[in-house]
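# Survey of secondary and tertiary structure
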Amino acid sequence: MLTVLLALIAPAAEDSRLLFETSPGARVEVLPTHAPEWFELAVLDNRVGLHEQLPRSARFVKDIETVGVGAGTTYVRIHAERDDLRLTAEKVPRGVRLVLEVADGPREIEPVFEPAPYEQIVGDSPPPRRVRNPADVPIRPFTGDARTYRYVPDEVPFGLDDWSGVGDEKLPAQLQVPPTTWEAADGFREVLTGPSGRGDRRAAELLLAQVYLAKGIPHEAAYYLRDVVGKPGPWEPALPHLQLARAEIGRGNLDAAEAQCREAAKAGGDELVVLRCLGAVALQTGHPAPRHLALAIEQRATSGKALLLAAELMMADQDYPAAQRLAATAVSDLVGKGKARAQLIVGDTAFFANDLEAAREAWTVAGRYGFADVVRVRRVMSELSETPRRKWSRHVPYLEKLARLGGEASLEANYLLGQIAEHFPDPDAAARHYHAVWDANAQTALRSDVPERLIALCDRYVDHLEADERWTDLAVFADTCWRPDLDLLAADTRLSESWANAYNELGLVNEALNVQRRVVRVRNELEREEVGPLVDLAALYTRSGRPREALETVEYVRKRLPSPGRDDPRLLLRQAEAWAAMDDTNAARRLWTQALGHPSTRAQARRSLGLLEAYEGRCASAVLHLTDDDAPQQLARARCALALGRAAEAERDAGDVLVNGDDAFATESAWLVGAAAFAQGRPEVVAEAEGVEALWAALLAEEGEAAAFDAMIGARAPR
């Protein structure tokens, strides 16, 4: 359904305007300029694909490219034809408008990429994120923010692992034990609840929080740490902030964790520890800028773990050469899962550089230390990259097997299978595999481009089915492709509206009503209420036997929507239909008569009035309204023509319906043809018209026999 919504307006003024749809709540940031003829902006929290919407060129534009890193973040780069332009971006109701115009003066140019100083990274105005173009490969694993084997925040070492106390011999004995066991925690609680001084109680809280962190209970740790941060005590001032950051990460409060990392910096915390703290957050959120963090960590790194974190951050921003260099350096100082992660980075970066032999070698080493199943998927991916796309299907059975393994390998295999299915194209299979990723790990799905792929896939194929009026296929496909999670991510509800219409066309009114109610609810949540979907909802309420709800819907529109929505004449039609369904034909007639005064509703109102008049036997009035040739109107005209003694007209209208073969009206049209022929005494019509009941032939024969009998009797009668 997502079509190219592109307005390239070239008014008299020298400017170029590009309009594209975005998800509700999306944000746009124009980034600093590195060259006079280049512009770059970040579109954040957006799940609607930009690549299909933006042109390759426009007024003042040589080229436009988009770079996605997952998690709804896309970077748009514009190569302008002139170096004296400026770019402005503004949110509009359904998207973003970009305006390129001649600038009043020279633009401020920044270097292409320079590492930000530590003070800027940890300060209140950190540098913007800058990502590199993704490698051009035919098929890809999860990249950017969605990598499945990356450090997760809880695993990132802050440099606190060997901390074992508050370091003050004047403290009570209960506080001079390692904060690692529940027995130690009991001693800390004794100090906390006893007659100790304020400083001792704070130390007890700090140590008790450390126990809860060690035991994986971050909620309790945060409870105690909030009472300690910023307070004096026999510890490094940054320590409580770093511990609270770790607790907030464990609770999933990443914004709060980032704030505590910055507070630790202000309190004079060790620079490398603070950077690791921010790195743990950036791996999950993309903020602060991962590449800047990676370079700052590399400058201070003293271990393979630190270098591996820097490599992970480089992978997030798709700086593959730097990531490979850092991971290759870190390998010798790592063991176990850390070594496997580093080798996977080396292998992936070699794959993106099209050095498949080096990639396979690194993956093989990674498989010895962990992630063996992921390595299997990587090997298939490398084979796919060397295979003509028409032959990709030969790898599907093995990938299907890997997809059933579960874990990270399953996510990667399903992601590859979705890309293969999109290529062939097999939209049902593609949707199935992307849903499998989402169902198995929603966090990975949302950090990747899976939502964008699903939205574009579902929209595109529903458009195709709707154009061909393949209502059954549309209803089935929409049910399997779409998921409620996408409702608030997509730019509009047009797919669901098409889905409801398909059900309605199939006569599945209750199913149509359920989907249409969801359309209205989503629009309400998005604050994008419009009269059209509410008008359709009212119609479906009446069709499903709930006319009261239809009237309530119309009343809601008139109370809540501004003009011109509340004055839409279609509301008169929906009210009239509801009153007619409740047998209040006077109210219905009055409303349809009002609708006759509006050009947009005149034809439908005339039709409805004509059918009502015919139903009530007001044939002289009905035939004035029944002017079109759809089956219900023709049959109503035929009934009225018979009632008014115009049998030939009745035969013509009913005969048209019979010839057109509309099964829904076959019985009535055949009956009317027979009745009209009988009224005219035309037995040949009854004999030739297929489907006309034998009743009329029998009646005509009986009348003929009666006439012959009367003639015979008359001939024998005495003169």
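Residues numbered from 1 in each chain as written. Predicted model: local features only at pLDDT ≥ 70, side-chain atom pairs only at ≥ 80, totals over all residues. Heavy atoms only, no water.

## Notes on the overall build of the chain
Formally: Only runs of H or I of at least four residues qualify as helices and only runs of E of at least two qualify as strands under DSSP, and these elements are numbered from the N terminus. Values of the radius of gyration come from C-alpha atoms, whereas the globule rule sets the reference at 2.2 Å times the count of residues to the power 0.38. Burial classes follow relative accessibility: with a 1.4 Å probe on protein chains only, a residue under 20% of its type's maximum area counts as buried, one over 50% as exposed, and anything between as partly exposed. Here, residues are in contact when the closest pair of their heavy atoms is within 4.5 Å. For every accessible area listed, the method is Shrake-Rupley and the probe measures 1.4 Å; residues are considered covered only by the protein chains on display. Lys and Arg are tallied as positive, Asp and Glu as negative. Neither His nor the chain termini are counted. Charge placement uses NZ in Lys and CZ in Arg. For Asp and Glu, CG and CD serve respectively.
Within the chain one finds 32 helices and seven strands. The C-alpha atoms of the chain give a radius of gyration of 37 Å, which is well past the 27 Å a tight globule of 719 residues would have. Principal-axis analysis of the C-alpha atoms gives the chain an extent of 150 × 65 × 60 Å. Counting across all 719 residues of the chain, residues that qualify as buried make up 51%. A separation of at least 24 residues holds for 58% of the contacts in the chain among residues at least 6 apart in sequence. A total of about 32,700 Å² of accessible surface is found on the chain, and carbon and sulfur atoms cover 49% of it. Side chains of the chain carry 84 positive and 110 negative charges; the gap between the two charge centres is 2 Å.

## A word on the pattern of salt bridges
Spelled out, the test is: When a carboxyl oxygen of Asp or Glu lies within 4 Å of a side-chain nitrogen of Lys or Arg, that pair is called a salt bridge.
Summed over all chains, the structure comprises 48 salt bridges. The salt bridge partner of Glu-248 is Arg-251, with a shortest N-O separation of 3.2 Å. A residue pair is termed a helical-turn pair when its members lie 3 or 4 positions apart in one helix, as Glu-248 and Arg-251 do in helix α5 (residues 238–251) at three residues. Taking the shortest distance from any N to any O, the salt bridge between Arg-378 and Glu-412 comes out at 3.3 Å. Placement of the pair is Arg-378 in helix α13 (residues 372–385) and Glu-412 in helix α15 (residues 407–423), with a sequence separation of 34 residues. Glu-412 matches Arg-378 in its accessibility class, with the two residues each being buried.

## Concerning α5
Which entries qualify depends on this criterion: Under the convention used throughout, the expected extent of a helix is 1.5 Å for every residue step, that is, one less than its residue count.
In this model α5 runs 20 Å from its N-terminal to its C-terminal C-alpha over 14 residues, within 8% of the 20 Å that 1.5 Å per residue would give. Among the 14 residues that make up α5, twelve are buried, leaving the element largely enclosed by the rest of the structure. All of the buried residues along α5 are Ala-238, Leu-239, Pro-240, His-241, Leu-242, Gln-243, Leu-244, Ala-245, Arg-246, Ala-247, Glu-248 and Ile-249. Packing partners of the buried residues in α5 comprise α3 (198–214), α4 (218–225), α6 (254–266) and α7 (271–285).

## So, the packing of helix α25 (residues 585–595) against helix α26 (residues 602–615)
Rules: Axis lines are fitted through C-alpha atoms, for helices just across the contact stretch, and the angle between N-to-C directions can take any value from 0 to 180 degrees. Angles below 35 degrees are treated as roughly parallel, those above 145 as roughly antiparallel, those between 65 and 115 as roughly perpendicular, and all remaining angles as oblique. Each crossing gets its hand from how the near helix is turned against the far one by less than a right angle, where anticlockwise is left-handed and clockwise is right-handed. Asp, Glu, Lys and Arg are counted as charged, while Ala, Val, Leu, Ile, Met, Phe, Trp, Tyr, Cys and Pro are counted as nonpolar; the rest, among them Gly, fall into the polar class.
Their axes nearest at 8 Å, the elements α25 and α26 cross at an angle of 150°. With respect to each other, α25 and α26 are oriented roughly antiparallel. As α25 packs across α26, the resulting crossing turns out to be left-handed. Across from Thr-585, Arg-589, Trp-592, Thr-593 and Ala-595 in α25, the residues of α26 making contact are Arg-602, Ala-605, Ser-608, Leu-609, Leu-612 and Glu-613. Of the residues contributing to the contact of α25 with α26, the split by class is five nonpolar, three polar and three charged.

## Describing the confidence of the model for the chain
Detailed reading of predicted coordinates is not advised where the pLDDT is low. The cut-off we apply is this: By definition, pLDDT measures how confident the predictor is in each residue, and it falls between 0 and 100.
Of all residues in the chain, 90% have pLDDT values of 70 or greater, and the mean over the chain is 85. Predicted confidence for residues 1–13 stays below pLDDT 50, and this span has 38 contacts to residues more than four positions away or in other chains.

## Some details on the environment of Trp-592
Looking at the element boundaries, Trp-592 is found in helix α25. Owing to a relative accessible area of 6%, Trp-592 belongs among the buried residues under this scheme. Sequence-wise, Trp-592 and Gly-279 are 313 residues apart; in three dimensions their C-alpha atoms are separated by 66 Å. Setting aside chain neighbours within four positions, we find Trp-592 in contact with Leu-573, Ala-576, Glu-577, Ala-580, Ala-605, Ser-608, Leu-609 and Leu-612.

## Digging into the state of the cysteines
Disulfides are covalent bonds that link the sulfur atoms of two cysteine residues. Applicable threshold: In this description, a disulfide is simply a cysteine sulfur pair whose atoms lie within 2.5 Å.
Following the criterion strictly, the structure yields three disulfides and no others. Each bonded cysteine in the chain gets a number by its place in the sequence, and the pairs come out as 1-2, 3-4, 5-6.

## Comments concerning the packing of aromatic side chains
What counts, and what does not: Pairing of aromatic rings covers Phe, Tyr and Trp, the last counted by its six-membered ring, and requires centre-to-centre distances within 6.5 Å; plane angles under 30 degrees mean stacked, over 60 mean edge-to-face, and any other angle means tilted. For a lysine, the NZ atom is tested; for an arginine, the CZ atom; a charge sits over a ring if that atom is within 6 Å of the ring centre and within 35 degrees of the ring normal.
Here the structure, examined in full by the defined rule, presents eleven aromatic pairs. Geometrically, the ring pair formed by Tyr-415 and Tyr-434 is tilted, given 6.4 Å between the ring centres and 55° between the ring planes. Here Tyr-434 lies in helix α16 (residues 427–440) and Tyr-415 lies in helix α15, a separation of 19 residues in the sequence. An aromatic cluster is present here, built from Trp-182, Tyr-212, Tyr-223 and Tyr-224 joined pairwise through their rings. A cation over an aromatic ring shows up here: Lys-339 above the ring of Tyr-369, its NZ or CZ 5.6 Å from the ring centre.

## Considering the packing of helix α9 (residues 304–316) against helix α11 (residues 336–352)
Between α9 and α11, whose axes approach to 11 Å, the crossing angle comes to 35°. In this structure, α9 meets α11 at a crossing whose hand is left-handed. Between α9 and α11, the contacting residues are Leu-308, Ala-311, Glu-312 and Met-315 on the first element and Gly-338, Arg-341, Ala-342, Ile-345, Asp-348 and Thr-349 on the second. Here the contact of α9 with α11 is composed, by residue class, of five nonpolar, two polar and three charged.

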